[in-house]
Amino acid sequence: MSCSYAEGLSPYENKGKLGLKEVFESDESLVDKVKQLSKWITSSNHVVVHTGAGISTSAGIPDFRGPKGVWTLEEQGKKPEISISFNDALPTKTHMILVKLVEAGYIKYIVSQNIDGLHLRSGLKREYLSELHGNMFINQCSSCKRQFVRKTATTSVGQKCLGLNCPGVKTNGRQCRGVLHDFILDWEHSLPEKDLDLAHYHSNLADLSICLGTTLQIIPSGNLPLFTKKNQNGKLVICNLQPTKYDKRADMLLNGYVDQVMSLLLENLDLKIDNYNPEFDPVRKKGIHEWTIPDSQAGEMKKLYEIHLKQRKTYDEEQRKRKIDDKTEVIPIKKS
């Protein structure tokens, strides 16, 4: 259960603002805004989506800071009344729609703070996902650092040793001698390097960043969507029921249920949702399934990121020069 995950974390006081009032706008307003969002998506080159706990609430997993969130109730000495086990939770409409949008080429990458494994179980491929805070359904080897899919959610938190041998095989054909650990970060842990690097590269390349179900309070993940604002005509969209600290920086705010917004978006893009299919769920498949980010993927994205930085630097320098030229231009005075 999500509350048991929260209880397993080390004590940490700075959990952000809790229990802020939820805001709902009219259905008519959401319809109009999503029409505009669909136009932005089709005209963008690099759309990155940032997901938080709010996309999993319709699966029965409570969020953390909402009016009935785990940490909000914890502060009141209470626990959520409804909290499904991670093993029984299934991907939501939003999870499945995101897979469809990735497959259709509209979304280039997804950066998630969620540990519930629902992106994995939706059939989303690893090459399109950074999991910054870990995953309940992943084990990681202490030696080769490869990741493997679990058949059930881990009951431990904090990258603890599970006493299991790594199933990986080295390039020389020998069995890896490492042991497996859970892939759930605690407060004091550094974020997984390759996940963070790829999230950083893609967030910088984004000309449209869409935040779904996150209050953007935890850093550095909460700051990544802002990188799009450094780019020419870069846009930031925030879909959340509670206010976030970056609402004033957003080009569009959507105050509605994420599933509703994403369903409208899919309709505007003339696509149909694929329902969750256990045959595409690595957790349900037989055998050993790897979930490791290839080193080559991070290397390729780093090159694109560096090219992008050079182009952005050139553009910024041209803009500064243009401003200086505009200020120093002398307008001759006509003689009477």
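Think of each chain on its own: its residues are numbered from 1, step by step along the sequence as written. Thresholds applied to this predicted model are a pLDDT of at least 70 for local features of residues and 80 or more for the giving and counting of side-chain atom pairs; totals over whole chains, interfaces and linings are not thresholded and use all residues. To obtain the side-chain values, all non-hydrogen atoms of the structure were used and water was disregarded.

Considering helix H6 (residues 193-205)
Helical geometry: 3.6 residues make up each α-helical turn, so side chains three or four residues apart lie on a common side.
Then step 1. Under the 1.5 Å per step criterion, the end-to-end length of H6 is 18 Å for 13 residues, consistent within 8% with the ideal 18 Å.
Then step 2. Residue exposure (1.4 Å probe, protein chains only): buried if accessible area is under 20% of the type maximum, exposed if over 50%, otherwise partly exposed. Segments assigned H or I by DSSP are reported as helices when at least four residues long, segments assigned E as strands when at least two residues long, and all are numbered from the N terminus. All buried positions along H6 are accounted for by Asp-195, Leu-198, Ala-199, Tyr-201, His-202, Ser-203, Asn-204 and Leu-205. Any helix carries an expected span of 1.5 Å times its number of residues minus one.

Some words on the side chain of Asn-135
Then step 1. Within the secondary structure layout, Asn-135 lies in strand E4 (residues 134-141).
Then step 2. Each polar contact in these results corresponds to two N or O atoms within 3.5 Å; when the atoms are within protein, one needs to be able to donate a hydrogen and the other to accept it, and residues that are neighboring in sequence are counted only if both atoms are side-chain atoms. A polar side-chain atom of Asn-135 sits 2.8 Å from a polar atom in the side chain of Glu-131.
Then step 3. A polar contact is formed between the side chain of Asn-135 and the backbone nitrogen of Phe-137, at a distance of 2.8 Å.
Then step 4. Any two residues having at least one pair of non-hydrogen atoms within 4.5 Å are treated as being in contact. Ignoring anything within four residues of it in the chain, the contact list for Asn-135 reads Ile-115, Gly-117, Leu-120, Phe-183, Ile-184 and Trp-291.

Focus: the packing of aromatic side chains
We describe a pair of aromatic rings using the distance from one ring centre to the other and the angle between the two ring planes.
Then step 1. Pairing of aromatic side chains requires ring centres within 6.5 Å, counting the rings of Phe and Tyr and the six-membered ring of Trp. Pairs whose planes differ by under 30 degrees are stacked, by over 60 edge-to-face, and all others tilted. Per the stated rule, a full pass over the model turns up two aromatic pairs.
Then step 2. Definition used: whenever NZ (Lys) or CZ (Arg) falls within 6 Å of the ring centre and also within 35 degrees of the ring normal, the charge is taken to sit over that ring. One cation-aromatic arrangement involves Arg-121 over Phe-137; the distance from NZ or CZ to the ring centre is 5.3 Å.
Then step 3. Positioned above the aromatic ring of Trp-40, the side-chain terminus of Lys-235 is 5.4 Å from the ring centre.

Looking at the sheet that holds E4
Then step 1. Here four strands make up an open sheet; going across it, the order is E5-E4-E7-E6 and the pairing antiparallel. One side of each edge strand has no neighbouring strand; the edge strands of this open sheet are strand E5 (147-149) and strand E6 (161-165). Shown here is a sheet whose adjacent strand axes are inclined to one another by a mean of 40 degrees, direction ignored.
Then step 2. Where E4 lies against E5, three bridges are found, and the strand directions are antiparallel. Directly across from Ile-138, in E5, lies its bridge partner Val-149. What makes two strands pair is DSSP finding at least two bridges between them. Each axis is a line fitted through C-alpha atoms, and for a helix only the stretch in contact is used; angles between axes span 0 to 180 degrees, taken between their N-to-C directions.

Focus on the nonpolar core
Then step 1. Definition used in this section: a nonpolar core is a set of buried Ala, Val, Leu, Ile, Met, Phe, Trp, Tyr and Cys residues joined via side-chain atoms within 4.5 Å. Among the nonpolar cores identified, the biggest contains 64 residues, and Leu-37, Ile-210, Leu-212 and Leu-254 are the most heavily contacted of them.
Then step 2. If one sorts the elements of this core by residue count, helix H7 (residues 258-268) sits on top with six residues.
Then step 3. Not counting the four nearest positions on each side in its chain, Leu-254 is found in contact with Glu-25, Leu-30, Lys-33, Val-34, Leu-37, Val-237, Ile-238, Cys-239, Asn-240 and Val-261.
Then step 4. The next biggest cluster of nonpolar side chains, apart from the first, holds seven residues, and it includes Cys-211, Leu-226, Ile-238 and Ala-250.

Read these as geometric descriptors, not functional statements.
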